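Here's the letter readout for the chains.
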Amino acid sequence: MDTENMKKSDFYYELPQELIAQTPVEPRNASRLMCIDRTNGSISHCHFYNLCEKLRKGDLLVMNDSRVIPARLYGEKIGNNTFIEFLLLEQKGDKLWEIICRPGKKAKVGTKFSFGNGRLIAEVMEVKDDGNRIVKFECEGNFFTALEDVGQMPLPPYITEKLENKERYQTVYSRELGSAAAPTAGLHFTPEMFDELHQKGINTAFVTLHVGLGTFRPVKEEKVLDHKMHSEHYFLPKETADLINQTKQNGGRVIAVGTTSCRTLESVATFYDKIEEHEGYTDIFIYPGYKIN
């Protein structure tokens, strides 16, 4: 593919609406799994619970342990009770957040909004050049407790069914609060699968990348190279770096679970030309022609 002339239309494909699942399958690992043999290109279809059979002793799975916050808030403007919707993107300080909102024309600097009948109060502190807002929240007690009470999970726009169980939109290994959307590749793992993996000698390690605006912002530019990824915060701890390097030295495979884990590893490798503990921001955009380090 000619990278310089790649167009958005080169990546169009038909996705029938009726084939988009609206409710999660149970149990989690009963979802379908497509496997591609890289030696001959053959494709086979199985289920996610078969994953352990596809891996080898000494392999390492690297997963994103970021936890989704109920980042979508529906409320009203204080003074005239008109509707407002916030989507929290990134924490900037104590109760200080960058958000996107609609309708944006109502969210001028100094305007206040109420969510959950006053459980959360937000004031717009700044309007950024890209239209995002910086808002300061007020609440009694812990902010994240209040957010859990009044916020909703920010499901993708193609999911129209209401999510009854918020935990179903979390991976079973999520622990670091901060994402505006789930690192979805990991949603299919179950605790029992972890037991099976470890019994076979397959290791697991964790990085943290908080999923943000890049997930919600579509590619609008016709030329793919003109698209700018929104930066997202990541952390690769020393214990994970050590496990990755040991696995490589022992001839095992390091397998990133999902694009967020992959971009974290690639960003660190690009920064250091090797894998070691690192914390920072990544706006890496991987497309055909990109050479992985």
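Here, the structure is the one placed above.
The rules behind these values
Counting from 1, residues in each chain are numbered in the order their sequence is written. pLDDT decides what is reported in this predicted model: residues at 70 or higher carry local features, side-chain atom pairs at 80 or more are listed and counted, and totals for whole chains, interfaces and linings draw on all residues regardless. No hydrogens and no water enter the side-chain calculation; it runs on all heavy atoms of the structure. Note on classification: 1.4 Å probe, protein chains only; a residue is buried when its accessible area is under 20% of the maximum for its type, exposed when over 50%, partly exposed between these limits. Numbered from the N terminus, helices here are DSSP runs of H or I no shorter than four residues, and strands are runs of E no shorter than two. Note: the arc covers the axis-to-C-beta directions of the helix. Any pair of residues with heavy atoms lying within 4.5 Å of one another is described as a contacting pair. Here a polar contact is taken to be a pair of N or O atoms separated by no more than 3.5 Å, where protein atoms must pair a possible hydrogen donor with a possible acceptor and residues adjacent in sequence count only if both atoms sit in side chains. Any pair of Phe, Tyr and Trp rings, taking the six-membered ring for Trp, is counted once the centres come within 6.5 Å. Such a pair is stacked with planes under 30 degrees apart, edge-to-face with planes over 60 apart, and tilted for the rest.

> Sorry, what's going on with helix α2 (residues 143-150) here?
In an α-helix, one full turn covers 3.6 residues, which means residues spaced three or four apart are oriented alike. F143, A146 and L147 are the residues of α2 that are buried. Projected onto a plane normal to the axis of α2, the buried residues spread over an arc of 100° and lie on a single side. Buried positions along α2 lie against β5 (72-77), β6 (83-93), β7 (96-102), β9 (120-127) and β10 (133-138). Its side-chain oxygen 2.8 Å from the backbone nitrogen of F144, N142 forms the N-cap of α2.

> Please clarify how the packing of aromatic side chains should be interpreted in this entry.
Any pair of aromatic rings gets described here by the distance separating the centres and the angle formed by the planes. Scanning the entire structure with this criterion turns up 15 aromatic pairs. Consider the rings of F137 and F143, whose centres lie 5.3 Å apart with planes at 50°: the pair is tilted. Overall, the relative accessible area of 2% leaves F137 in the buried class. Residue F143 is classed as buried on the basis of its relative accessible area of 5%. Geometrically, the ring pair formed by F189 and F194 is tilted, given 5.7 Å between the ring centres and 45° between the ring planes.

> Help me out: how do you make sense of the environment of E164 in this one?
Tracing the backbone through its elements, the reader meets E164 in the loop between α2 and β11 (176-179). Judged by its relative accessible area of 70%, E164 falls in the exposed class.

So, to be careful, I would describe these as geometric facts and stop short of saying anything about function.
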